[in-house]
Amino acid sequence: MTDYLFFKLLHILFFVYWLGGDLGTFYASRFVARQGLSKEQRSTALTIMMGVDQGPRICMALILAPGMQMAYNLGLLTIPFSAMLAIWVLCIAWLAMVLCIHFGHGKAFVEPLTKIDFSFRVVIILLSLSVAGQSLLGEGLIKADYLSWKLIIFAALVACGLGIRVKLKPFIPAFMKMMQTGPSNEIDATLNQSLARVRPYVYLIWIGLIANAALGIHLINP
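Criteria and cut-off values
- Sequence positions are assigned chain by chain, starting from 1 and proceeding in written order.
- Selection of residues for local features in this predicted model requires a pLDDT of at least 70, selection of side-chain atom pairs for listing and counting requires 80 or more, and totals for whole chains, interfaces and linings are taken over all residues.
- No hydrogens and no water enter the side-chain calculation; it runs on all heavy atoms of the structure.
- Each helix corresponds to a stretch of at least 4 residues labelled H or I by DSSP, and each strand to a stretch of at least 2 residues labelled E; elements are numbered beginning at the N terminus.
- We call a residue buried when its accessible area falls under 20% of the maximum for its residue type, exposed when it is over 50%, and partly exposed in between, using a 1.4 Å probe and counting protein chains only.
- We call two residues contacting when some pair of their heavy atoms lies within 4.5 Å.
- Only the protein chains shown count as cover for residues, and all accessible areas are computed by the Shrake-Rupley method using a 1.4 Å probe.
- We define a salt bridge as a contact between a side-chain nitrogen of Lys or Arg and a carboxyl oxygen of Asp or Glu at a distance within 4 Å.

Asker: Looking at this structure, how should I read the overall build of the chain?
Answerer: Scanning the chain from terminus to terminus reveals eight helices and zero strands. The buried share among the 222 residues of the chain stands at 41%. In the chain, of all internal contacts separated by at least 6 residues, the share reaching a separation of at least 24 is 71%. Element-wise, carbon and sulfur atoms account for 70% of the exposed surface of the chain, whose accessible area totals about 11,900 Å².

Asker: How should I be thinking about the pattern of salt bridges in this particular structure?
Answerer: A pair can form between side chains of opposite charge whenever their charged atoms are brought close. If you walk through the whole model with that rule in mind, you get five salt bridges. Salt-bridge contacts for Arg-57 lead to Asp-53; the nearest nitrogen and oxygen are separated by 2.7 Å. A residue pair is termed a helical-turn pair when its members lie 3 or 4 positions apart in one helix, as Arg-57 and Asp-53 do in helix H2 (residues 39–62) at four residues. Overall, Arg-57 belongs to the partly exposed group, its relative accessible area being 31%. Assessed through its relative accessible area of 13%, Asp-53 is described here as buried. When the shortest N-O distance is used, the salt bridge between Asp-117 and Arg-121 registers 2.7 Å. Here the residue Asp-117 and the residue Arg-121 both occupy positions in helix H5 (residues 110–136), the gap between them amounting to four residues, near one helical turn. The same class applies to Asp-117 and to Arg-121, which are both buried. Linked through salt bridges whose partners overlap, the residues forming this network are Asp-117, Arg-121 and Arg-165.

Here is the structure:
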């Protein structure tokens, strides 16, 4: 297997686990706020949901590196080797933040690290849009328009993830209250409203992932 095919396989696997994990998370979320289920049953559903959701979180952090590496290997990304190495380091650092936040429950560093992670993603969005936009104007580092559009879609996917994080804020205190006092109509309404607010972002992520897959499958030659 050549280096290119190895990175292509990684890229495809990250796409599969991102989309598949997102579907699993979406399905499990329905049981977290379902009336008639006990708080213990809902807690189990939330544990499953959060566990499955790590797949998409990990894939979002890592999918950019093999994609850029393929473009670099094909000569479609005109950057020095040191810059390509920096992209890998950036994605690995992103992965490290994701894992530290997930496994650091109750630790003092989680809250400030979560804020750093949010700002980090904003920077990723802005950098991706800047590089892709300049390339589409003929003055950038990417030499194939479809790759620029894939990068723009990726930035939109990251932005949707931030939108989900913002819109889901009322969900956490409501769920914690439910675990303390038990389910109620008021709490269930808050949980369901929070989930309803994030669904458009989830649908957009699915559309964006499929669009990027289509661009990659139909427009790349090797």
